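Structure assessment
Below, each chain spelled out in residue letters.
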Amino acid sequence: MTAPTSATGVPTGAGPLGGPASAEIVAQSIPVQVLRTLTDKIYDKRKAAALDVERIVRELLVQRPKEAPAIIVVIIRYLVDDLVMSQVGNYRYGGLIALAGVTIAISSSPELIQDHLPSILDPVLSCFQDTDWRARYYATESLYNVTKGVRSHILHRFPQLFDILCKLSTDSDSSVKNAAELLNRLLKEIITEKKTTYVTNFDLFSLDEFMDLLEERIKTLNPLTRSFLVEWLNVLHSMPGIELLSMIHRYLEGLFKFLGDDNEDLRQKTAALLSELLREISEAVDIQRRLGVGFGALERSLYGEAAGVPAPGLGTYEAEAGHWAPAQAAHLDFARMFAILVPFLGVPELDVRQTALHWLNEFIILARQLMLPFTAVILNSVLPALAAPHREIQTAAETTNSLLMQLVSETNLAALAEHTQLDIPAVLRTVLAHCRSDAVDTRMGCLDWLFKLHNKASHVVVADAALLESVFRCLSDPVEDVVKRGLQLVAQIAATSDADRFDALMADILRLFAKDRRLLETRGALILRQLCLALSPEDVYRSFSQVLEKEGDLDFASTMITNLNLIMITSAEMVDMRKRLRQFEKDGQVLFVDLYRSWSHSPVAAFSLCLLAQAYEHAFNLLQTFEDFEITVTLLVQIDKLVQLLESPVFSYLRLQLLDPERHPYLLKCLYALLMLLPQSSAFATLRNRLSCVSSLGHLNAAPRRISPDFFSTKDKFKKLTSEIRWVDLLTHFKYVQGRHERARKAYLSASSMRNQKRSRRGMPTPGSATTSSAPTLPVSAAAMAAATSSASLPAGGAMAGATSDSSGGGGAGPGVAGAQGGVRRKRSGRRSTGGNELWEVGADGAGSPPPPVPKK
């Protein structure tokens, strides 16, 4: 392509405002040879010509100062229209270099720079859209020289330069990127020079225009562009007069996304910037609190002096004296920043999630009650993080959880302003939803929060119908710590409830055991003991007794009473209760009668209760009623276990009383009656050896040679104490309850026999046929007997959970479904018993007549 020229031989690109006329005027100031060399194909020649243009313009300013401005305008117009806008590549390259030379020549005159810089920059900036990489390279070189010449004067166009540099950071040509990096460094250097110049009033460029560009560019996925943006944010944040902290919501989300980039260097740069931003936020809060402006003024309007906000110190009026604090003008919108953090609290990237949690922790410390409305949202992310696979996340989440819980504890919820209220129902819904989590730490965290919420607003928490369902689900948890924590919450709810609510809560626990017999076997003893540890054992047992007394499922009632009795005998938590029964004073008698009503579901449990209360005569009368009922294998197993318990420290007083048969004649009879009931087993041998030791002393039938002075007084005292108890009516009640069990057992066996007959007619094998075909011989021990007849499918009326002698108290399951559990409203601890003046309910079998009422004490 032939380069166009004017009549005098001056190169002309025939631009929109150029042409031969402007070329002729320029030729009068600049030699034609110089102008021709500007369009040469060789770079060094074009560069030399640009240096000549610079020299000529400098001389023009010195020699012809009045005419120089007009001539410079013509030269710039010629370079732009005839060269830079030309379609010929060499013309454009030469024109760009010459424009830089002109800029450097006039850089000593601020007036000329202000007048001509826009006309120079606009054509140079337009070349960055050129598809020719050489044009972009020479435009970058020209812009570098222009920037170097005018220095801070170019900052008024900073948003445009920033946008161009952002695009050049990902240019396809390495030469262009290298040149852009040099320009980028120069621009940062110029910005840094202004650190001490603009402190309180920054007017170098439009921050709004820059933020619009930043908000758009920060969405990029290119790591090079991301790195470019992070570096510039670092530089601008170091400028005291540039207030970017108030606009952090416009780029904070992008920075957190940068943390998840694959580029390690970018992640490190971003983490350092975020750390610096968080430090500035903390510093701004501290300064504004101290000065009583901004965030500090907001706090004082919400909480007043009582909130611990320091009194205002240095104010804004001291700015002229050099005391201006840049952070005091920052607008801190914690609600908006928190909304940006929320999506990153649950991301899989470790660095992003950990940093987001760290920011959240700082927000809770800094903003305090202003974070309370977001408690439910925070917990929705923090509770799962308590069980995160990475220890760093767990630690950060534990810190967040602790800080938030401490904030709720220290806050008077009733005194909060409207827009800082804690939404307790929303928090409760969130916590209950996470109670179903598979993670142990999350479930424990949920229970801790239920504790806290119940302490702060028990009426709101208890009113939620899903609360007890979630708590009772924790009682079935495979982890013991979760069960214990759930029981502590149940105990706290019960302790703060009235009598009716307390009894209803205990009835719910029994209903849970009735529905889940496996829970009763595996966790029953733990649950019952923890309840007695946290609450009054007497209150718990009385409430259980009220419900079990009217329990329609006789098998469950018997199993439950057996477990409760075993815990009462062996558990350390029941020491005071056992002592009260043994002393058998007024309170002990009331407790005895209350328990006896339901303890009648289990013969051995009722007998054990009499031994604890030292009611040996009634105990002997109970044993005599055994001849009216069938002696089942289950009953023998329970007696076997009771004999083992008689050798424990709990019954040491009973063994010592065997040495005084004159005072306790029925005690020996009770033990010999037990001996007669037992088969020839290890328990039989144990009890026989114990009784042999006593009989060998010769006290069994011999009258005492010397009677102690207080013998009759002690005996009369016990007789007087027990005279108010109607023992006959208690015995009648026991017979009635056991009669119901007997009829239920027979009904079950009859139904089972009919089912087996139907199966036999169809040619199907009957259950237990291998063991029931022939009557087994009596095993050596009751435990062995139970094992030998385990397939006989007998109902466990009064079943003891297992034949071992441990104190786990697990209950066995038998036929029947849980009936309606009647809750008798009764005062707790220290109140009078309801006595026996109520009507007795006919059992599930529907047979039998009601016995006489059980008397009051």
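As a reminder, the structure under discussion sits directly above these lines.
The following refers to the structure shown. (Residues numbered from 1 in each chain as written. Predicted model: local features only at pLDDT ≥ 70, side-chain atom pairs only at ≥ 80, totals over all residues. Heavy atoms only, no water.)

**Some points on the overall build of the protein**
- Looking only at helices and strands, the protein has 39 helices and zero strands in total.
- Of all 857 residues assigned to the protein, the portion counted as buried reaches 52%.
- Carbon and sulfur atoms make up 52% of the accessible area of the protein, which totals about 38,100 Å². (Helix = DSSP H or I, 4+ residues; strand = E, 2+ residues; numbered from the N terminus. Buried < 20%, exposed > 50% of the residue type's maximum accessible area, 1.4 Å probe, protein only. Areas by Shrake-Rupley, 256 points an atom, 1.4 Å probe, with all protein chains shown as cover.)

**Quick word on the packing of aromatic side chains**
- Under the definition given, this model contains 21 aromatic pairs.
- Ring geometry for Tyr-43 against Tyr-138: centres 5.7 Å apart, planes inclined by 20°, an arrangement best described as stacked. One end of the pair, Tyr-43, is in helix H3 (residues 43-63); the other, Tyr-138, is in helix H7 (residues 133-150), with 95 residues separating them in the sequence.
- What makes Tyr-43 partly exposed here is its relative accessible area of 24%.
- Among the aromatic residues, those joined into a ring-pair cluster are Phe-158, Phe-162, Phe-210, Phe-228 and Trp-232.
- Positioned above the aromatic ring of Phe-620, the side-chain terminus of Lys-669 is 5.8 Å from the ring centre. (Phe/Tyr/Trp six-rings, centres within 6.5 Å; stacked < 30°, edge-to-face > 60°. Lys NZ or Arg CZ within 6 Å of the ring centre and 35° of its normal.)

**Looking at helix H9 (residues 174-193)**
- If you check H9, its first and last C-alpha atoms are 29 Å apart, about what 20 residues at 1.5 Å a residue would give, namely 28 Å.
- All buried positions along H9 are accounted for by Val-176, Ala-179, Ala-180, Leu-183, Asn-184, Leu-186, Leu-187, Lys-188, Ile-190 and Ile-191.
- Against H7, helix H8 (158-168) and helix H11 (223-237) lie the buried residues of H9.
- Capping of H9 at its N-terminal end is provided by Asp-173; its side-chain oxygen lies 2.9 Å from the backbone amide nitrogen of Ser-175. (Expected span 1.5 Å × (residues − 1). Contact = heavy atoms within 4.5 Å. Polar contact = N/O pair within 3.5 Å; in protein donor to acceptor, adjacent residues only side chain to side chain.)

**Observations concerning the pattern of salt bridges**
- In this structure the tally under the stated criterion is 45 salt bridges.
- Here Asp-171 and Arg-136 are joined by a salt bridge, their closest N and O atoms 2.9 Å apart. Linking Asp-171 in the loop between H8 and H9 with Arg-136 in helix H7, this pair joins segments that are 35 residues apart in sequence.
- Residue Asp-171 is classed as buried on the basis of its relative accessible area, which comes to 10%.
- Residue Arg-136 is classed as buried on the basis of its relative accessible area, which comes to 10%.
- For Glu-538, the salt bridge is made with Arg-580, and the minimal N-O distance between the two is 2.8 Å. Remark: Arg-580 occurs in helix H28 (residues 575-583) and Glu-538 occurs in helix H26 (residues 537-549); sequence separation between them is 42 residues.
- Each of the salt bridges in this network shares a partner with another, and the network as a whole consists of Arg-92, Asp-130, Asp-132 and Arg-134. (Salt bridge = Lys/Arg side-chain N within 4 Å of Asp/Glu carboxyl O.)

**Side note on the side chain of Thr-270**
- Within the secondary structure layout, Thr-270 lies in helix H13 (residues 264-291).
- Judged by its relative accessible area of 0%, Thr-270 is buried.
- Those residues in contact with Thr-270, other than ones at most four positions away along the chain, are Val-230, Leu-255, Phe-258 and Leu-259.

**A short note on the packing of H26 against helix H27 (residues 554-570)**
- One can describe the packing of H26 onto H27 by two numbers: an axis separation of 11 Å at closest approach and a directional angle of 160°. By the angle between their axes, H26 is roughly antiparallel relative to H27. Crossing of H26 over H27 shows left-handed handedness. Between H26 and H27, the residues in contact are Tyr-541, Phe-544 and Leu-548 and Phe-556, Ala-557, Met-560, Ile-561, Leu-564, Ile-567 and Met-568, respectively.
- Of the residues belonging to the contact of H26 with H27, the class tally is ten nonpolar, no polar and no charged. (Axes fitted to C-alpha atoms, helices over the stretch in contact; angles between N-to-C directions. Parallel < 35°, antiparallel > 145°, perpendicular 65-115°, else oblique. Left-handed = near helix turned anticlockwise from the far one by under 90°. Nonpolar A, V, L, I, M, F, W, Y, C, P; charged D, E, K, R; others polar.)

**Quick look at the environment of Arg-511**
- Topologically, Arg-511 is positioned in helix H24 (residues 499-515).
- Exposure remark for Arg-511: the relative accessible area of 31% places this residue in the partly exposed category.
- Here the alpha-carbon distance between Arg-511 and Val-547, two residues 36 residues apart in the chain, equals 9.7 Å.

**Description of the environment of Ala-50**
- Relative to the helices and strands, Ala-50 is located in helix H3.
- When its relative accessible area of 4% is taken as the criterion, Ala-50 is described as buried.
- In this structure, the C-alpha to C-alpha distance between Ala-50 and Ile-97, residues 47 residues apart in sequence, is 5.9 Å.
- Contacts of Ala-50, omitting those with residues within four sequence positions, involve Leu-38, Ile-97, Ala-98 and Gly-101.

**A few points about the environment of Leu-255**
- The topology assignment puts Leu-255 in helix H12 (residues 252-258).
- Along the chain, Leu-255 and Ile-218 lie 37 residues apart, while their C-alpha atoms are 7.9 Å from each other.
- When neighbours within four sequence positions are excluded, Leu-255 is seen to be in contact with Ile-218, Val-230, Leu-233, Thr-270, Leu-273, Leu-274 and Leu-277.

**A word on the side chain of Gln-530**
- Within the element layout of this structure, Gln-530 appears in helix H25 (residues 517-534).
- In this structure Gln-530 comes out as buried when scored by relative accessible area, which is 16%.
- The residues touching Gln-530, leaving out its near neighbours within four places in the chain, are Lys-484 and Leu-487.

**Re the packing of helix H29 (residues 586-599) against helix H37 (residues 727-761)**
- Close contact between H29 and H37 brings their axes to 9 Å; oriented N to C, the two are set at 20°. Judged by the inter-axis angle, H29 sits roughly parallel to H37. Here H29 runs over H37; the crossing is left-handed. Residues Phe-592, Tyr-596 and Arg-597 of H29 form the contact with H37, whose participating residues are Trp-727, Leu-730, Leu-731, His-733 and Phe-734.
- Of the residues assigned to the contact of H29 with H37, the class counts are six nonpolar, one polar and one charged.

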